[in-house]
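# Commentary on secondary and tertiary structure
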Amino acid sequence: MNMHAARAAFGFDTLRRILGISVLAIRWDDAVTLLSRLIAERRFTKVSFLNAHNANLAYGDPVFAEALDDFLVLPDGVGVDIAAKLLYGAPFPDNLNGTDFIPAFLQASTRPLTVALLGATRVNAEAASAKLSALARQHKFVVIHDGYFSPAEEPAIVERIARLRPDVLLVAMGVPRQELWIARHIDARHCTLPIAVGALLDFLSGTVPRAPLWMRRLRLEWLYRLWIEPGRLWRRYVVGNPLFLWRVLKQKLAHGPQPAEARR
């Protein structure tokens, strides 16, 4: 089930187009309800998140953009909020960044689930699994493999996922590899909700520190990450953020103001 089918089936029909990507404008509790219902009804749905960095990558990569069109895409971060305000006159109802939303969703899901983890290093994946097991004891967490595998190893990994058939598959390989890998290898035979989660397993393991709570509340976690890893992230934020906003302004000038309730 893609974005449009999911919103039609469950009545969450407000979409906002950010640089060509349809993003669901939905409140936190409604998003928890939506994902829970998809699992309960075993409706196969690929899930991802859009932030300024992902949007920039999709803008320049039509293969990635086409893959995202078949995902349920949730809003992540202050960049897409600014874009929504510029384009639609209102920010997204809630910031559903995967680092906070996915653990909270699993905690809120009372029905016991099987959750598989794929990606990061083996050590970080195992540590993340232990952290999630402590946060949400009602679920079973299984590490499938780290994210450093060769094409020759893929068939065995995919087969293991199919044998387990988890309710949720967390894929942490970085953007756009994780989304493209899900698109090419995972379907309803393998799991119900494959979710592209970026650095979630690294954050949960404690290897990559989160910003202090006050910075997160001020929507400045990106600045903290830039300070921690300037060599790796300077291009993403120092160059990428202004580029993203410039592209959004071009979208606004090309299409004019959009109604806040944009439906497709």
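Before reading further, recall that the structure is shown in the block above.
Presented here is an overview of the structure given in this document. One numbering rule holds for all chains: residues counted from 1, following each sequence as written. Restriction of local features to residues with pLDDT of at least 70 applies here, the model being predicted, together with a cutoff of 80 or more for giving and counting side-chain atom pairs; totals for whole chains, interfaces and linings are based on all residues. Heavy atoms from the whole structure form the basis of all side-chain values; hydrogens and water molecules are not counted.

## Focus: the pairing of strand 3 (residues 47–50)
Covered by surrounding structure in strand 3 are Val47 and Phe49 together with Ser48 and Leu50, the residues of both alternating faces. Following DSSP output, two strands are said to pair if at least two bridges run between them. Each helix is a run of DSSP H or I of at least 4 residues and each strand a run of E of at least 2, with the numbering of both proceeding from the N terminus. Sheet analysis places strand 3 next to strand 4 (residues 72–75), joined by four bridges and oriented parallel. Residue pairing for strand 4: Val47 is matched across the bridge by Leu72. Three exposure classes are used, based on accessible area relative to the maximum for each residue type with a 1.4 Å probe and protein chains only: buried under 20%, partly exposed in between, and exposed over 50%.

## Remarks on the packing of helix 5 (residues 78–88) against helix 13 (residues 230–255)
Lines fitted to C-alpha atoms define the axes here, with helix axes fitted over just the stretch in contact, and angles between the N-to-C directions of these axes take values from 0 to 180 degrees. Packing of helix 5 against helix 13 leaves a shortest axis separation of 10 Å and a crossing angle of 20 degrees. It follows that helix 5 is roughly parallel to helix 13 by the angle criterion. Helix-helix and strand crossings are classified by hand; for helix 5 and helix 13 the assignment is right-handed. Touching Gly79, Val80, Ile82, Ala83, Leu86 and Leu87 of helix 5 are Phe244, Leu245, Val248, Leu249, Gln251 and Lys252, all from helix 13. Residues that form the contact of helix 5 with helix 13 fall into these classes: nine nonpolar, two polar and one charged. Just so you know how the angles are binned, under 35 degrees is roughly parallel, over 145 roughly antiparallel, 65 to 115 roughly perpendicular, and the rest oblique. Crossing handedness follows the turn of the near helix against the far one: under a right angle anticlockwise gives a left-handed crossing, and clockwise gives a right-handed one. Residues count as neighbours in contact if any of their non-hydrogen atoms are within 4.5 Å of one another. Under this grouping Gly is polar, as are all residues other than the nonpolar Ala, Val, Leu, Ile, Met, Phe, Trp, Tyr, Cys and Pro and the charged Asp, Glu, Lys and Arg.

## Digging into the layout of surface pockets
Its volume calculated, the second largest pocket comes out at about 150 Å³. Only protein atoms enter the 1 Å grid used here, on which a cavity is any set of points holding a 1.4 Å probe that cannot leave and a pocket is any open set flanked by protein within 12 Å on both sides along at least five of seven lines; residues with an atom within 4 Å of a point are listed as lining. Considering the residues around the second largest pocket, the lining is formed by Thr99, Asp100, Pro103, Lys131, Leu200, Phe203, Leu204, Arg210 and Arg216. Grid points are joined across faces, edges and corners, and a volume is the space filled by probe spheres set on the points.

## What to know about the packing of aromatic side chains
Here the aromatic set is Phe, Tyr and Trp, taking the six-membered ring for Trp, and pairing holds for ring centres within 6.5 Å; pairs whose planes are under 30 degrees apart are stacked, those over 60 apart are edge-to-face, and all others are tilted. Scanning the entire structure with this criterion turns up five aromatic pairs. Their ring planes at 15 degrees and their centres at 6.3 Å tell us that Phe101 and Phe105 sit as a pair that is stacked. Pair noted here: Phe101 and Phe105 are both in helix 6 (residues 98–108), with a separation of four residues, about one helical turn. The exposure classification of Phe101 matches that of Phe105, with both residues buried. Measuring from centroid to centroid gives 6.0 Å for Phe149 and Trp181, while their planes differ by 65 degrees, and the two rings are edge-to-face. Residue Phe149 is located in the loop between strand 6 (140–145) and helix 8 (154–164), and its partner Trp181 is located in helix 9 (residues 177–185); the two are separated by 32 residues in the primary sequence. When the NZ atom of lysine or the CZ atom of arginine is within 6 Å of a ring's centre and also within 35 degrees of its normal, the charge is said to sit over that ring. Between the NZ or CZ atom of Arg16 and the centre of the ring of Phe92, over which it lies, the distance is 5.5 Å. Positioned above the aromatic ring of Phe203 is the side chain of Arg210, whose terminal nitrogen or guanidinium carbon lies 5.7 Å from the ring centre.

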